[in-house]
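Structural features, examined
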Number of protein chains: 2
Amino acid sequence: MEKSLVTYYPIKQQLLWKENEIAISGKPYTQFFCRHLTIPVDLIGSTQYGPLSQEKTFPPTRENLNRLFDDLPKFPRAVYGVADDGDNGMTTFNVTRHFLPGVSVKMMEWWFLWHQIEKERYFLWFPYAHIDNKVADPDRLSNSQLTYAERLYGNPNHITEYIGDTVLDAVIHFTDPVQLGLDKALLEKHNLTFSASGWAASFDRPDIPNTLMLHIGRDVSDGFELYSCYFIGAHKAWSAVSGIERGGERAVAEAKAAGVNRETLEAVSYEMAVHDMTEFTQLGHILPELYRRFGN
Amino acid sequence: MEKSLVTYYPIKQQLLWKENEIAISGKPYTQFFCRHLTIPVDLIGSTQYGPLSQEKTFPPTRENLNRLFDDLPKFPRAVYGVADDGDNGMTTFNVTRHFLPGVSVKMMEWWFLWHQIEKERYFLWFPYAHIDNKVADPDRLSNSQLTYAERLYGNPNHITEYIGDTVLDAVIHFTDPVQLGLDKALLEKHNLTFSASGWAASFDRPDIPNTLMLHIGRDVSDGFELYSCYFIGAHKAWSAVSGIERGGERAVAEAKAAGVNRETLEAVSYEMAVHDMTEFTQLGHILPELYRRFGN
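Now for a look at the structure at hand.

Some remarks on the overall build of chain A
Broken down by element type, chain A carries 11 helices and 13 strands. In chain A, which comprises 296 residues, the share counted as buried stands at 58%. Across chain A, contacts joining residues at least 24 apart in sequence account for 69% of those joining residues at least 6 apart. Accessible surface, chain A: about 12100 Å² in total, of which carbon and sulfur atoms supply 51%. Chain A carries 28 positive and 38 negative side-chain charges, and their two centres are separated by 2 Å.

Some words on the packing of helix α4 (residues 105-114) of chain A against helix α11 (residues 262-294) of chain A
Residue and element names in this part refer to chain A. At a minimum axis separation of 10 Å, α4 and α11 run at an interaxial angle of 90 degrees. When the axes of α4 and α11 are compared, the pair comes out roughly perpendicular. Two secondary-structure elements touch here, α4 through K106, M107, M108, W110, W111 and W114 and α11 through F280, L283, L287, P288, L290, Y291 and F294.

Some words on the environment of E55 of chain A
Along the polypeptide, E55 of chain A turns up in the loop between α2 (41-44) and α3 (62-70). Under the relative-accessibility criterion, E55 of chain A is labelled exposed at 66%.

Some details on the interface of chain B and chain A
Facing 29 residues of chain B, the contacting portion of chain A comprises 29 residues. Overall, the association of chain B and chain A removes approximately 2800 Å² of surface from exposure, summing both partners, and the carbon and sulfur fraction of that is 55%. Of all residues in chain B, T7, Y8 and Y49 of chain B bury the most surface against chain A, accounting for 28% of the area lost on that side. If you look at where chain B meets chain A, you find zero salt bridges. Counting across the interface, chain B meets chain A through 23 residue pairs in polar contact (both at pLDDT 80 or more). Ranked by the residues each element gives to the side of chain B that touches chain A, the list is headed by helix α1 (residues 11-24) of chain B, at six residues. Among the residues forming the side of chain B that touches chain A, the class breakdown is 17 nonpolar, seven polar and five charged.

Section: the relation of the copies chain B and chain A
Of the transformation placing chain B onto chain A, the axial shift is 0.0 Å and the rotation is 180 degrees, giving an RMSD of 0.0 Å. Such values leave the two copies arranged in the relation of a two-fold axis. When C-alpha distances to the rotation axis are compared across chain B, the minimum falls at S4 of chain B, with a value of 2.3 Å. Interface overlap between copies is the fraction of interface residues in one copy that are interface residues in the other; for chain B against chain A it reaches 100%, indicating a shared surface.

A look at the pairing of strand β6 (residues 94-101) of chain B
Moving residue by residue along a regular strand, the side chains alternate between the two faces of the sheet. All names here are of chain B. The pairing of strand β3 (residues 78-79) with β6 spans two bridges and is classified as antiparallel. Note on β6: the bridge partner recorded for A78 is T96. Both β6 and strand β13 (residues 223-235) contribute to a ladder of eight bridges, which runs antiparallel. Counterpart to V95 in the pairing with β13 is C229.

Points about the pairing of strand β8 (residues 157-163) of chain A
Residue and element names in this part refer to chain A. The element β8 is largely enclosed, with a buried count of six among its seven residues. Pairing of strand β7 (residues 130-135) with β8, which is carried by five bridges, proceeds in the antiparallel orientation. Within β8, the residue paired with V135 across the bridge is N157. Note: β8 against strand β9 (residues 166-174), seven bridges, orientation antiparallel. Bridge pairing in β9 links N157 to I172. Connecting β8 to the next strand, β9, in antiparallel fashion are two residues, including G164 with a positive phi near 65 degrees.

Here's the deal with helix α4 (residues 105-114) of chain B
Buried residues dominate α4 of chain B, accounting for eight of its 10 residues. Within the span of α4 of chain B, buried status applies to V105, M107, M108, W110, W111, F112, L113 and W114 of chain B.

Digging into the pattern of salt bridges
Residues and elements named next belong to chain B. As enumerated under the stated definition, the model contains 26 salt bridges over all chains in all. When the shortest N-O distance is used, the salt bridge between K27 and E118 registers 2.8 Å. Residue K27 is located in the loop between α1 and β2 (38-40), and its partner E118 is located in the loop between α4 and α5 (119-125); the two are separated by 91 residues in the primary sequence. Of the residues examined, K27 reaches a relative accessible area of 24% and is grouped as partly exposed. One salt bridge in this structure joins E266 and R262, with 3.7 Å as the shortest N-O distance. In this pair, E266 and R262 are both assigned in helix α11 (residues 262-294), four residues apart and thus about one turn of the helix distant. A residue is classified by how much of its surface remains accessible, and E266, at 15% relative accessible area, is buried.

Quick notes on unusual backbone geometry
One can expect most non-glycine residues to show negative phi and most peptide bonds to be in trans. Residues and elements named next belong to chain B. Not every positive phi belongs to a glycine, and N191 is a case in point at roughly 60 degrees. Structurally, N191 can be placed in the loop between α8 (184-189) and β10 (194-195). In the Ramachandran plot, R246 falls in the positive-phi region, its phi being about 60 degrees despite a non-glycine side chain. Structurally, R246 is set in the loop between α9 (238-242) and α10 (247-257). For R246, a relative accessible area of 53% gives the class exposed.

Let's talk about helix α10 (residues 247-257) of chain A
Residues and elements named next belong to chain A. Three or more residues of α10 are buried, namely G247, G248, A251, V252 and A255. Axial view of α10: buried residues confined to an arc of 135 degrees, hence all on one face. Opposite the buried face of α10, by more than 90 degrees, sit the exposed residues K256 and A257. The elements touched by buried residues of α10 are β5 (89-92), β12 (209-220), β13 (223-235) and α9 (238-242). At the exit of α10 stands G259, carrying a positive phi of roughly 80 degrees.

Considerations on the environment of T47 of chain A
Looking at the element boundaries, T47 of chain A is found in the loop between α2 and α3. Sequence-distant contacts of T47 of chain A, that is, excluding residues within four places in its chain, are made with A78, Y80, Y270, A273 and M277 of chain A together with Q14 of chain B.

Some details on the packing of aromatic side chains
All names here are of chain A. Taken as a whole and assessed by the stated rule, the structure comprises 53 aromatic pairs over all chains. Ring centres of W17 and Y128 lie 6.1 Å apart, and the angle between their planes is 40 degrees; this geometry places the pair in the tilted category. Here W17, found in helix α1 (residues 11-24), pairs with Y128, found in the loop between α5 (119-125) and β7; they are 111 residues apart in sequence, far enough to count as distant. The residues W17 and Y128 share a single accessibility class, namely buried. The ring of W17 has R35 lying over it, and the distance from NZ or CZ to the ring centre is 5.7 Å.

Calculation notes
Residues numbered from 1 in each chain as written. Chains lettered and ligands numbered in written order. Predicted model: local features only at pLDDT ≥ 70, side-chain atom pairs only at ≥ 80, totals over all residues. Heavy atoms only, no water. Helix = DSSP H or I, 4+ residues; strand = E, 2+ residues; numbered from the N terminus. Buried < 20%, exposed > 50% of the residue type's maximum accessible area, 1.4 Å probe, protein only. Contact = heavy atoms within 4.5 Å. Areas by Shrake-Rupley, 256 points an atom, 1.4 Å probe, with all protein chains shown as cover. Lys, Arg positive; Asp, Glu negative; His and termini not counted. Charge placed at Lys NZ, Arg CZ, Asp CG, Glu CD. Axes fitted to C-alpha atoms, helices over the stretch in contact; angles between N-to-C directions. Parallel < 35°, antiparallel > 145°, perpendicular 65-115°, else oblique. Buried area = accessible area lost by both parts, 1.4 Å probe. Salt bridge = Lys/Arg side-chain N within 4 Å of Asp/Glu carboxyl O. Polar contact = N/O pair within 3.5 Å; in protein donor to acceptor, adjacent residues only side chain to side chain. Nonpolar A, V, L, I, M, F, W, Y, C, P; charged D, E, K, R; others polar. Least-squares fit on C-alpha atoms with pLDDT ≥ 70 in both. Pairing = 2+ DSSP bridges. Arc of directions from axis to C-beta. Phe/Tyr/Trp six-rings, centres within 6.5 Å; stacked < 30°, edge-to-face > 60°. Lys NZ or Arg CZ within 6 Å of the ring centre and 35° of its normal.

This is the structure we're talking about:
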């Protein structure tokens, strides 16, 4: 799998890398804090030809999501754009299929439980863009007597990171993918046993869901397949997804009042695509050895 | 020489590529209009560690420029930053050393005379970023009875292009490098026989010089060495460089009044570095075959 060096980092990210390098020194895992990040060549291509046309996108309804995950061979490689669902809302349309050689579901689950305990661990994932990370209940997250779901779900993760040169200050609510709308039978049929999915809101507006994020994956013979989506913006379906009464409706009304439009969301979507390609490639790069060293 | 695909294009550049692809169709040189551009890996590295610290930069005075070009082995590979010269002005500090395998001075001179005749030729150089190009006197530029200097100098080139996602609408005045401040003896000593250097101004402010650009080069055994600098901003030395009385002083006063500062120039400088690395790598990639096909 041919890879290219990432050729562009906003200056703020370059400066953050230097700060993070100092902050992480002395940690037992500093060797996994990298300077030169890469992206597989075949992943880059489809993100450089403008946003997807409207007819190739769809809004994040339950029906659409299940259709997407039921035809994995057609799951897009890496695309970005905007899904305009009229009065129901408008979101980014970010869909990406990663392959992480030598990685497993077990390693990925370990990573999502392990990295949230210290912000410096979070740095390893994207050394240029990750600023801070705090989980609501670290004891529960670390409690090996509990299941993955018991440790991760309902245990909000406050993250701060650059998406492009903009700081995202958000709370991720990792949630069972079935609660997010995916059929249990479908996930089982395709052996999609991994999930680190959820909804998110801005830190200062916790009751307005503004993101649906799906990271669903499975073991294959030589590694791990990850199927990722980000829908960022506002959609009425997110009342049910978040469990916040009329949260989706309020999100749609506020986005409209704030003047969020296709152009602003396209910009977010492209930056998110670059961010996602960079960070999951990097995670795949470090995870096998990181897990071997710290996985027990 | 290992190369990486360019991993990031602003959306506006992605859309321009598609427009340019349509505009260039039917031209005899469309095969040289590329989609996948690259940058040598060793060129990228030093542009991703934040702007140069102040003490590693210098303002574009005659003395500094001659010192820079007299020690070519120490000519920086690719750096960006800001040179703050106090009351004398503040400029970007972009210095880059390119090596173009299989290219020669002859080809480079041909390119600078040939590409300005049609905007679609200009597209080949940077298909994502070049918008338009017009030379004041195309007959003189094309007149093979005249020397390179007679055709190029004093024949302003109006260019429109994206630097990052910002449109630059400028007029380049290609000028003898000796008039720009480089010693003739020094250029001869190092066999630096190529130049496509000059000063520039915004199209709508032709009397305010805002850029000094040096592209100086020479043949070596297996290709062409290009030594490039961009100083963008304002400097008092540019009255002499441009031949505009008090042009440099006015540029400095206007930049100050407009609030141009280190941060704004650092952003320009980084985008310029990425632009320069991309376009000269691409020119080197297409030029040998383009010259073979159209050079006579």
